[in-house]
Amino acid sequence: MNMQALMKQAQKLQKDMMNTKEEIDQTEFIGENSLVKVTMKGTKEVIKVEINHDESLGKEDIEMLEDMILLAVNEANKKIDEMTEDKMGKFGNSMPGLF
């Protein structure tokens, strides 16, 4: 394979990677449990937090609510990481030593 073809392949790979990353960044991911629903962009920016208002929360429940929000955010982050690995992982295998 000549150098020009290799450069062309590398440029295509870079473009494909950028398109895939942009797709992930624009996707919304939801982490939820019985009390809290958190929506995040693929950039891991929290864009919405919803608390189930059907539950009556007293002062003693605040700590539990904080834990539930934490778990929901972490679940959404895990989904982002899984999609990123699934969609971007193919690029790491195509050119050894690139990453």
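Structural notes, computed from the coordinates. Please read these numbers as outputs of a predicted model, since none were measured by experiment.

## Looking at the overall build of the protein
Move 1: The helix and strand inventory of the protein stands at 2 helices and 3 strands.
Move 2: Secondary structure elements of the protein, listed N to C terminal, follow the sequence α-β-β-β-α.
Move 3: Counting every position in the protein, which comprises 99 residues, the buried fraction comes to 24%.
Move 4: Counting only contacts in the protein whose residues sit at least 6 apart along the sequence, the fraction spanning at least 24 positions is 54%.
Move 5: Of the roughly 7,400 Å² that the protein leaves accessible, carbon and sulfur atoms contribute 52%.

## Digging into the nonpolar core
Move 1: Membership of the largest hydrophobic core is limited to 11 residues, which are Phe29, Leu35, Val36, Val38, Met40, Leu65, Met68, Ala72, Val73, Ala76 and Ile80.
Move 2: Broken down by secondary-structure element, the contributors of at least two residues to this core are strand S2 (36-41) and helix H2 (62-94).
Move 3: Among the elements that make up this core, the one with the highest residue count is H2 (6 residues).
Move 4: Aside from chain neighbours lying at most four places away, what touches Val73 is Val38 and Met40.
Move 5: Leu13, Met17, Ile24 and Met88 belong to the second-largest nonpolar core, a separate cluster that totals 5 residues.

Procedures and definitions
- Residues numbered from 1 in each chain as written.
- Predicted model: local features only at pLDDT ≥ 70, side-chain atom pairs only at ≥ 80, totals over all residues.
- Heavy atoms only, no water.
- Helix = DSSP H or I, 4+ residues; strand = E, 2+ residues; numbered from the N terminus.
- Buried < 20%, exposed > 50% of the residue type's maximum accessible area, 1.4 Å probe, protein only.
- Contact = heavy atoms within 4.5 Å.
- Areas by Shrake-Rupley, 256 points an atom, 1.4 Å probe, with all protein chains shown as cover.
- Core = buried A, V, L, I, M, F, W, Y, C linked by side-chain atoms within 4.5 Å.

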